[in-house]
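Analysis of the macromolecular model
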Amino acid sequence: MANTHATANGSKTPEASGAGFAERVRDAIERRELSLVYQPQADVFTNRLTGFEALSRWRLSDGTMLPPDVFVPMAEQGEAIHLLGEWTLRTACAAAADWLHAGITDAPVSVNLSARQLDDPGLVRKVLGVLADTGLPAANLKLELTETALFSQAAEAREALLHLRGAGIRLVLDDFGTGWSSLATLRRVPVEALKIDKQFVQAMVEDRDAAAIVQAVVALAHALGLGVVAEGVETPEQRTYLQAYRCDTLQGYWLSRPLTVDGIADFLAGRPLIADPDFPGLGAGPSAGPPTSG
């Protein structure tokens, strides 16, 4: 898909793999075609803000938006993912540090970490260097890793994660239940929370199997002393189900679409983030409560 779009200088986007695409990503960073948006996360019960997830966006010079599910996998085929990953980490940390120092919010920011980044022997040094450069406290950074990425990692990668966690950086296991689910992974990697994939969250109101999976993941996480984040929450009914299952945190369009960095302050000022009967969605829900089992 990306190969069919013109770049700023009129040439075609290079091949997805190899140095060509890495150079295209470097060019996109220099031309400011890449940007980040931030999707809020909030407590399921109080609606209190708990953090933001940084999401990458790529707008070509002609205004065309490349979907992340296109350009991120392309980057992961080669060295481009290291350029994209480090730029994302630095940009997100700088933004979160600015919010903190300006007194806007001290909410942590979450950044996705790919399997190829975990293979980088310099990962710990790079992450800690970004924190030092931006002035962001380690506790204000969360790194999100997928099950699939963790499943195939060598001992060195797990050791790097232990170093990052020891430095105060928080780790979250993303898309739980969609990859190589392994309870052994939860014992080896010091994650603080699991994220339930949106396919289960968005289906659970109508699908008892999906509801049972969500309920089981929440129960498992809590039994292990972990928090739970539900992705893709779009309706008050879904929020009601998550409350019934004692999920901790929600993320999705019900709360907010992803925000530009300039929209963070307006979001915080314009929408209460504590329990409020006038807040859209609070107190709403289906006439019949969610099932307690699948």
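Our subject is the structure that appears above.
First, a word on what this report is: a plain description of the structure on this page. Remember, predicted model here, so these are calculated numbers, not experimental data.

1. What about the overall build of the protein?
For the protein, the count of helices and strands is 12 helices and 9 strands. The buried share of the protein, taken over its 294 residues, is 49%. Sequence-distant contacts in the protein: of pairs separated by 6 or more residues, those separated by 24 or more amount to 67%. When the accessible area of the protein is evaluated, it comes to approximately 13300 Å², of which 52% is carbon and sulfur surface.

2. What to know about the packing of helix α5 (residues 123–134) against helix α7 (residues 155–166)
With their axes 9 Å apart at the nearest point, α5 and α7 run at an angle of 25° to one another. By the angle between their directions, the pair α5 and α7 is classed as roughly parallel. Once α5 is placed against α7, the crossing between them reads as right-handed. Counted together, Leu123, Val124 and Val127 of α5 and Ala160, His163 and Leu164 of α7 form the full contact between these two elements. A class-by-class count of the residues in the contact of α5 with α7 yields 5 nonpolar, 1 polar and no charged.

3. Points about the nonpolar core
Tyr38, Trp58, Leu118, Leu141, Leu143, Met204 and Leu242 are the most contacted members of the largest nonpolar core, which totals 84 residues. Broken down by element, the residue count for this core peaks at 11 residues, all from helix α3 (residues 80–101). With residues near it in sequence (within four places) discarded, Met204 still touches Ala210, Ala211, Val214, Gln238, Tyr241, Leu242 and Tyr245.

4. Quick word on the pairing of strand β4 (residues 109–112)
Relative to β4, strand β2 (residues 49–59) runs parallel, the two sharing 2 bridges. When the sheet's bridge partners are listed, Glu53 is paired in β4 with Ser110. Pairing between β4 and strand β5 (residues 141–146): 4 bridges, direction parallel. Each bridged residue has a counterpart across the sheet, and for Val109 the counterpart in β5 is Leu141.

5. Remarks on the packing of aromatic side chains
All chains considered together, the criterion is met by 5 aromatic pairs. Geometrically, the ring pair formed by Phe52 and Trp99 is tilted, given 5.0 Å between the ring centres and 55° between the ring planes. Separated by 47 residues along the polypeptide, Phe52 in strand β2 and Trp99 in helix α3 bring together distant segments of the chain. What makes Phe52 buried here is its relative accessible area of 0%. For Trp99, a relative accessible area of 3% corresponds to the buried category. On the basis of an interplanar angle of 75° and a centroid distance of 5.4 Å, the ring pair of Trp58 and Phe71 is categorised as edge-to-face. With Trp58 in strand β2 and Phe71 in helix α2 (residues 68–76), this residue pair connects regions lying 13 residues apart in the sequence.

6. Details of the layout of surface pockets
Taken as a whole, the largest pocket spans an internal volume of roughly 1200 Å³. As for the largest pocket, its lining consists of 40 residues, and the residues nearest its centre are Glu53, Leu55, Pro68, Asn112 and Asp174. In terms of residue class, the lining of the largest pocket is built from 15 nonpolar, 14 polar and 11 charged. Its boundaries defined by the atoms lining it, the second largest pocket holds a volume of some 160 Å³. What lines the second largest pocket is simply Ser35, Leu36, Val37, Tyr38, Thr91, Ala94, Ala95, Asp98, Trp99, Thr260 and Val261.

7. Thoughts on the environment of Arg257
Structurally, Arg257 can be placed in the loop between β9 (249–251) and α12 (264–270). Assessed through its relative accessible area of 52%, Arg257 is described here as exposed. Each C-alpha atom of the pair Arg257 and Gln39 lies 6.2 Å from the other, and the pair is 218 residues apart in sequence. Excluding its chain neighbours within four sequence positions, the residues that come into contact with Arg257 are Tyr38, Gln39 and Pro40. At 3.4 Å, the side chain of Arg257 forms a polar contact with the side chain of Tyr253.

8. Some remarks on unusual backbone geometry
Of note, the phi angle at Arg32 is positive, near 60°, even though the residue is not glycine. Residue Arg32 is classed as exposed on the basis of its relative accessible area, which comes to 76%. Although it is not a glycine, Asp175 sits at a positive phi angle of roughly 55°. For Asp175, the location among the structural elements is in strand β6 (residues 170–176). Accessibility expressed as a relative area gives 21% for Asp175, which makes it partly exposed.

What counts, and at which threshold
Residues numbered from 1 in each chain as written. Predicted model: local features only at pLDDT ≥ 70, side-chain atom pairs only at ≥ 80, totals over all residues. Heavy atoms only, no water. Helix = DSSP H or I, 4+ residues; strand = E, 2+ residues; numbered from the N terminus. Buried < 20%, exposed > 50% of the residue type's maximum accessible area, 1.4 Å probe, protein only. Contact = heavy atoms within 4.5 Å. Areas by Shrake-Rupley, 256 points an atom, 1.4 Å probe, with all protein chains shown as cover. Axes fitted to C-alpha atoms, helices over the stretch in contact; angles between N-to-C directions. Parallel < 35°, antiparallel > 145°, perpendicular 65-115°, else oblique. Left-handed = near helix turned anticlockwise from the far one by under 90°. Nonpolar A, V, L, I, M, F, W, Y, C, P; charged D, E, K, R; others polar. Core = buried A, V, L, I, M, F, W, Y, C linked by side-chain atoms within 4.5 Å. Pairing = 2+ DSSP bridges. Phe/Tyr/Trp six-rings, centres within 6.5 Å; stacked < 30°, edge-to-face > 60°. 1 Å grid on protein atoms, 1.4 Å probe; cavity = no way out; pocket = protein on both sides within 12 Å on 5 of 7 lines; lining within 4 Å. Points joined across faces, edges and corners; volume = space filled by probe spheres on them. Polar contact = N/O pair within 3.5 Å; in protein donor to acceptor, adjacent residues only side chain to side chain.

These results come straight from atomic positions and should not be treated as a statement about function.
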